[in-house]
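# Remarks on the overall topology
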Amino acid sequence: MALAGAGAVALTGCSSGSGSTPASTSRAVGPEDPAVARAEKRRAVKGSTVTRYALTAAAATVELGSREVATWAYGAAIPGKEMRVTAGDTLEVALSNDLPEATSIHWHGLAIRNDMDGVPDLTQPQIGAGKSFTYRFTVPDPGTYWFHPHMGLQLDRGLYCPLIVEERSGAGAYDVDQVLILDDWLDGTGTTPDETLASLKAMEGMDMGSGSMSGMQSDLLGGDAGDVSYPLHLLNGRPSEDRPTIAVPAGGRARLRLINAGSDTAYRVAVTGQKMTVTHADGFEVEPAEVDTVLIGMGERYDVIVEPSSGSWPIVALAEGKPGAAEAVLVTSDVRGGSAPAPGSRPPALDGRLLAYSDLVAAESSRLDRRAPNVDEQLVLTGSMTPYAWSFDSKPYPERPPVEISEGQRVRLRFENRSDMWHPIHVHGHTFRLGRADTGPRKDTVNVLPGETVEVDFDAVNPGQWMIHCHNTYHLEGGMAALVSYVR
Ligand code: C2O
Ligand code: CU
């Protein structure tokens, strides 16, 4: 299908959607608008180079501990093989789509050019089965990122991959730099993501009474923990029975880059017997914050520094409010023989000092300057389990009118959660500041608990059409999405 240009931004973000058109005006700055190329030009860095990768998305059989599962994956690996690029350089990824259906790639958290953002029929045409597409863009900011398809429920299969953007000035002071990517897994275990959504919708007619639908509760998440109970939880593609080992030199420092690539699960993460120091939230630097444990919603990232004392220390990522956990083991190089506690232990640190958003203080380099917002728009988080429907302002995508902004403005979005479920809300193309304080951390995804209102501010410096949505894959597919639309 032809890509709608500026002035007629047609889309069907939910692959099962009706294909209706959002209420975009003729003033919309579309992905092919010259303003997009101009913004890209401003990102250019002297002496930059091009980093190239080739990637295939295809059906694959992969080993998960004692079992083999049929799934969809990048390069037949779960997660896809980590990509690294230096900030300011150009990333070029040639994607071949060998899946049985159309796909796209969204570069989660990166403020890149709009026509490379990977939202089908909004920023580019769908990449059909058997087709290919080359993504090419300047990578603006260092940090921990990842990518995934923006089509239907494909993210809840094995299609996800870490993307690490290194500083131009070289690595920081640590001996080990390790991604820990978490995922709630069901594909190939007797049900598919699509069947799971169908059964969530089929509960509509059932009388579930009052109280929790799922029976999965979490105080930290303000009630229901999620909609789906998963048979497996993976860390770097491995179930806890086959947990990976991470070697750290004795007396050394490890930078652990936590990424939640799950679809319906928050993880509470701790390292047995060790403190961790949070240094980055969603890629951006914060003042070091020492805690015992962090809660990480879908789409969020935290970088933490751990300096393990001599020994073998399980890292446990508890599926918050749900059965199961994903695990790894940190082992210092001076350990000879001996063994770590068996999988399934619950380190006391999980119940220790928990990182709160209020602990996150933006480092000097990550602060937004003080400015009154030109746009202040509220989005009410709405929806329910029966019927299974999620939306902003009770208008499932693409019915809610876009938040219209223009280049140069300071924009404030207010997310008011009037549903009974927590939602990790993600904004494309920008990293916002959380809250009104000058020192609020920069993030691109924020958990909004039932009854809460969360405010975020950002500068409108990246023209185009951008999605705001819940990063629960099932809620997104259910319609919990809207647009930030640059207009002229
Ligand atoms: Cu990772 Cu539209 O999101
Ligand atoms: Cu949600």
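That block above? That's the structure.
Nothing here was measured: the structure is a model prediction, and the numbers come from that model.

Parameters at a glance
- Residues numbered from 1 in each chain as written.
- Chains lettered and ligands numbered in written order.
- Predicted model: local features only at pLDDT ≥ 70, side-chain atom pairs only at ≥ 80, totals over all residues.
- Heavy atoms only, no water.
- Helix = DSSP H or I, 4+ residues; strand = E, 2+ residues; numbered from the N terminus.
- Rg over C-alpha atoms; globule rule 2.2 N^0.38 Å.
- Buried < 20%, exposed > 50% of the residue type's maximum accessible area, 1.4 Å probe, protein only.
- Contact = heavy atoms within 4.5 Å.
- Areas by Shrake-Rupley, 256 points an atom, 1.4 Å probe, with all protein chains shown as cover.
- Lys, Arg positive; Asp, Glu negative; His and termini not counted.
- Charge placed at Lys NZ, Arg CZ, Asp CG, Glu CD.
- Pairing = 2+ DSSP bridges.
- Axes fitted to C-alpha atoms, helices over the stretch in contact; angles between N-to-C directions.
- Donors = N, O, S within 2.8 Å, 3.2 Å for Na, K, Ca; no water.
- Phe/Tyr/Trp six-rings, centres within 6.5 Å; stacked < 30°, edge-to-face > 60°.
- Lys NZ or Arg CZ within 6 Å of the ring centre and 35° of its normal.

On to the overall build of the protein chain. Each helix and strand counted, the protein chain has three helices and 32 strands in total. Taken against the 2.2 N^0.38 rule, which gives 23 Å for 488 residues, the C-alpha radius of gyration of the protein chain at 21 Å falls within 12% of a compact globule. By its C-alpha atoms, the protein chain is 70 × 60 × 45 Å across when sized along the principal axes. Counting every position in the protein chain, which comprises 488 residues, the buried fraction comes to 59%. Counted over contacts in the protein chain with a minimum sequence separation of 6, partners at least 24 positions apart contribute 76%. As presented, the protein chain carries roughly 17300 Å² of accessible surface, and 49% of it is formed by carbon and sulfur atoms. Positive and negative side-chain charges in the protein chain, numbering 42 and 62 respectively, have mean positions lying 7 Å apart.

Taken in spatial order, the five strands of this open sheet run β13-β21-β20-β15-β18, and their pairing is mixed. Every interior strand has two partners, whereas the edge strands, β13 (245–248) and β18 (293–296), have only one. Between one strand axis and the next, the sheet turns through 20° on average, direction left out of account. In this sheet, strand β21 (residues 325–332) lies alongside β13 in parallel orientation, the contact comprising four bridges. Within β21, the position partnered with isoleucine 246 by the bridge is leucine 330.

Turning to the sheet that holds strand β5 (residues 106–108), a few remarks are in order. Taken together, four strands build an open sheet; the order of strands is β3-β8-β7-β5 and the sheet is mixed. Each end of this open sheet is capped by a strand with a single partner; those strands are β3 (83–86) and β5. When strand polarity is set aside, the average angle formed by the axes of neighbouring strands in this sheet is 25°. Across five bridges, strand β7 (residues 143–148) lies against strand β8 (residues 161–166) in antiparallel orientation. Within β8, the position partnered with tryptophan 146 by the bridge is proline 162.

Below, the discussion takes up the coordination of the copper ion (ligand 2). Octahedral metal centres with six donors ideally show angles of 90 or 180 degrees, and tetrahedral centres with four donors ideally show 109.5 degrees. Around the copper ion (ligand 2), the donor atoms from the protein are His423 (ND1), Cys470 (SG) and His475 (ND1), and they sit 2.0 to 2.1 Å away. One chain supplies every donor for the copper ion (ligand 2), spaced along it as H-x46-C-x4-H. Taken together, the positions of histidine 423 in strand β26 (residues 423–427) and histidine 475 in helix α3 (residues 473–478) put the pair 52 residues apart, joining distant regions of the chain. Take histidine 423: its relative accessible area is 0%, and that puts it in the buried class. Assessed through its relative accessible area of 0%, histidine 475 is described here as buried.

Now for the packing of aromatic side chains. The tally for this structure, following the rule as stated, stands at six aromatic pairs. Pairing tyrosine 388 with tryptophan 390 gives two aromatic rings, centres 6.0 Å apart and planes at 85°, and the pair type is edge-to-face. Tryptophan 390 matches tyrosine 388 in its accessibility class, with the two residues each being buried. Connected via pairs of aromatic rings, a cluster forms that spans Tyr74, Trp107, Phe133, Tyr135, Phe137 and Phe147. Residue placement shows arginine 157 over the ring face of tryptophan 72; its charged tip is 4.1 Å from the ring centre.

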